[in-house]
Amino acid sequence: ELTVDGHDVTVFERRSTIAEEASFATGALVAPGWTADWTASQRGLRMPWDSRLDEGLRLARLPGTGDWSWLWQWSQAGKGARLAQAHRHLHALLRYSQQRQLAITAERELDHDRSQGMLVLWRDERDAHQAQPALALLRETGIAFKLLDAAQARALEPALSAETRLAGAVELSGEGVANCREFALLLRAAAQSMGCRFEFDTRVEAIAPRTEGHAGIVVRAGGAANGAEHASRPFDGVVVCAGVLSADLLQPLGLRLPLRAVHGTSLSAAVREPLDAPLSAVLDARSGVSIARLGQRVRVAGGQTFGPVAGEPSKAALGRLYQVLADWFPGAVRLGGPRG
Ligand SMILES: Cc1cc2nc3c(=O)[nH]c(=O)nc-3n(C[C@H](O)[C@H](O)[C@H](O)COP(=O)(O)OP(=O)(O)OC[C@H]3O[C@@H](n4cnc5c(N)ncnc54)[C@H](O)[C@@H]3O)c2cc1C
């Protein structure tokens with residue numbers, strides 16, 4: 001966007017390419033409305049020893065003193081007027097992002113995996129009942145949706161398993177799925193062709209105001225992998241988009257962002273039989289697990305864990321994703337192949 005607006009842009013990225021972190025394998029959902037709290041327990045806290053995986057925010061370990069105030073704010077943000085306000089802000093951002101994504105895709109004729117429509121699935125009446133506050137917020141925010149009975153939902157996603165009880169669904173229409181990493185890689189190529197510079201394997205160590213009375217800022221960056229010298233470079237302005245690490249970069253400047261890492265898990269698997277796979281995306285309201293079709297693959301994502309999560313995802317977290325996939329689309333994917 002900055003390059004298109006005529007700015008001279010340099011992107012610093014500590015990895016060897018873009019979209020290697022949170023944007024690598026998202027659930028791929030872009031339908032407005034998917035971020036609503038579909039169950040009452042979504043804002044509950046689960047202690048590290050609690051084995052229930054389906055509900056709330058799981059704590060990887062007992063939080064430190066600094067974490068409790070964030071967790072308190074997070075739980076309060078899910079209540080009453082604050083929830084409604086947060087949703088309005090989030091949906092304005094989602095809508096804007098989606099408009100830009102669609103406009104850029106059309107203008108530049110970008111070809112990435114995407115599909116239309118998304119269903120939020122209710123396994124029973126309790127799920128439907130718990131979703132009422134979310135539906136009220138969608139109405140208030142002006143997000144279009146349709147309530148479907150089981151037959152209507154199955155007509156839209158014919159591969160939904162008949163073995164799993166379906167009490168009803170919410171149809172969120174419009175764009176439903178987009179491949180975040182593919183889109184980002186296409187954007188990078190387009191930006192490079194317009195003169196945007198990318199400096200990979202380069203970590204930004206600090207951002208500081210320029211000295212000697214000059215306006216602007218200095219970025220101290222250097223090679224993380226190749227041991228290149230760290231050098232201070234002057235710029236007129238900086239856009240910080242370092243994901244959850246943005247807070248660390250901004251804190252020395254006196255900007256304290258209330259950001260904490262909440263980890264999710266995703267898996268991708270090759271479609272075994274297209275007739276058994278989803279046409280677009282579904283979200284299992286009870287577990288918060290999403291299942292999306294990305295061309296010849298299916299992406300399953302879910303879970304929210306607060307605190308450090310080291311290395312590979314836990315067997316329990318992956319097992320839960322496979323279980324929800326098997327509940328709704330048994331036989332959709334080839335199991336045991338390479339992960340990606
Ligand atoms: C399992 C899972 C499923 C998700 N599903 C969805 C979904 O369905 N729909 C949706 O909209 N969102 C989803 N999300 C959220 C989405 O992935 C994130 O909101 C999005 O990817 C964040 O993008 P970002 O560019 O801010 O961060 P990132 O993609 O993490 O990019 C930040 C970049 O900054 C770089 N960086 C950090 N610090 C420095 C530094 N000091 N110097 C240089 N470079 C640095 C990192 O290397 C990284 O490349 C999901 C997330 C997860 C984990």
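Look a little higher up for the structure.
One structure accompanies this document, and this report is about it. (Residues numbered from 1 in each chain as written. Predicted model: local features only at pLDDT ≥ 70, side-chain atom pairs only at ≥ 80, totals over all residues. Heavy atoms only, no water.)

### Focus on the pairing of strand β4 (residues 114-122)
Counting buried positions over the 9 residues of β4 gives 7, a clear majority of the element. Examined bridge by bridge, β4 and strand β12 (residues 281-284) share 4 bridges and lie parallel to one another. By the bridge assignment, Leu 121 is partnered in β12 with Asp 284. (Buried < 20%, exposed > 50% of the residue type's maximum accessible area, 1.4 Å probe, protein only. Helix = DSSP H or I, 4+ residues; strand = E, 2+ residues; numbered from the N terminus. Pairing = 2+ DSSP bridges.)

### What to know about the environment of Ala 128
Secondary-structure assignment places Ala 128 in helix α3 (residues 125-130). The sequence separation of Ala 128 and Ala 167 amounts to 39 residues, and the corresponding C-alpha distance is 7.8 Å.

### Here's the deal with the side chain of Arg 299
As for its position among the elements, Arg 299 is in strand β14 (residues 297-306). Polar contacts involving the side chain of Arg 299 include one to the main-chain carbonyl oxygen of Thr 26, which spans 2.7 Å. Setting aside residues up to four positions removed in sequence, Arg 299 forms contacts with Ala 25, Thr 26, Gly 27, Ser 266, Leu 267, Ser 268, Ser 290, Ile 291, Ala 292 and Leu 294. (Polar contact = N/O pair within 3.5 Å; in protein donor to acceptor, adjacent residues only side chain to side chain. Contact = heavy atoms within 4.5 Å.)

### What about the site of the ligand?
Taken together, 21 residues surround the ligand, and among them Glu 13, Ser 23, Gly 27, Leu 29 and Val 204 come closest. Here Arg 14 contributes a side-chain N or O atom positioned 3.1 Å from an oxygen atom of the ligand. Relative to its free-state accessible area of 1000 Å², the ligand is covered by the protein chains to the extent of 72%. Of all elements in the fold, only β8 (202-209) and β11 (262-270) reach the threshold of two or more residues within the shell around the ligand. Among the elements that take part in the shell around the ligand, β8 stands out by supplying 3 residues, more than any other. In terms of residue class, the shell around the ligand is built from 9 nonpolar, 7 polar and 5 charged. (Near = heavy atom within 4 Å. Areas by Shrake-Rupley, 256 points an atom, 1.4 Å probe, with all protein chains shown as cover. Nonpolar A, V, L, I, M, F, W, Y, C, P; charged D, E, K, R; others polar.)

### Some words on the environment of Gly 302
One can find Gly 302 in strand β14. Residue Gly 302 is classed as buried on the basis of its relative accessible area, which comes to 13%. For Gly 302 and Arg 181, which are 121 residues apart along the polypeptide, the C-alpha to C-alpha distance reads 18 Å. Dropping the residues within four chain positions of it, Gly 302 is found in contact with Gly 264, Thr 265, Gly 288, Val 289, Arg 320 and Leu 321.

### Some points on the packing of aromatic side chains
Scanning the model with the defined rule gives 3 aromatic pairs in all. Aromatic side chains Trp 70 and Phe 306 sit 5.3 Å apart centroid to centroid with 25° between the ring planes, which places their arrangement in the stacked category. Of the two residues, Trp 70 is situated in helix α1 (residues 65-76) and Phe 306 in strand β14; the sequence distance between them amounts to 236 residues. The exposure class of Phe 306 is buried, given its relative accessible area of 3%. (Phe/Tyr/Trp six-rings, centres within 6.5 Å; stacked < 30°, edge-to-face > 60°.)

### Re the side chain of Thr 105
Mapped onto the elements, Thr 105 comes out in helix α2 (residues 80-107). Looking at Thr 105, the relative accessible area reads 3%, which means it is buried. Only 2.6 Å separates the side chain of Thr 105 from the backbone oxygen of Gln 101, close enough to count as a polar contact. Contact partners of Thr 105, with chain neighbours within four places excluded, come to Leu 110, His 112, Arg 114 and Phe 183.

### Quick word on the pattern of salt bridges
Summed over the entire model, instances satisfying the criterion amount to 17 salt bridges. Residue Asp 37 is joined to Arg 43 by a salt bridge in which the shortest nitrogen-to-oxygen separation is 3.0 Å. Take Arg 43: its relative accessible area is 24%, and that puts it in the partly exposed class. The residue Arg 61 makes a salt bridge to Asp 67 at a minimum N-O spacing of 3.5 Å. Sharing partners across several salt bridges, the network here consists of Arg 14, Arg 15 and Glu 21. (Salt bridge = Lys/Arg side-chain N within 4 Å of Asp/Glu carboxyl O.)

### A closer look at the packing of α2 against helix α4 (residues 132-141)
Put simply, α2 and α4 touch, their axes get as near as 10 Å, and they point 55° apart. Relative to α4, α2 is oriented oblique. Here α2 and α4 pass one another in a crossing that is right-handed. Residues Leu 83, Ala 84, His 87, Arg 88, His 91 and Arg 95 of α2 lie in contact with α4, whose contacting residues are Leu 137, Glu 140 and Thr 141. Residue classes in the contact of α2 with α4 are distributed as 3 nonpolar, 3 polar and 3 charged. (Axes fitted to C-alpha atoms, helices over the stretch in contact; angles between N-to-C directions. Parallel < 35°, antiparallel > 145°, perpendicular 65-115°, else oblique. Left-handed = near helix turned anticlockwise from the far one by under 90°.)

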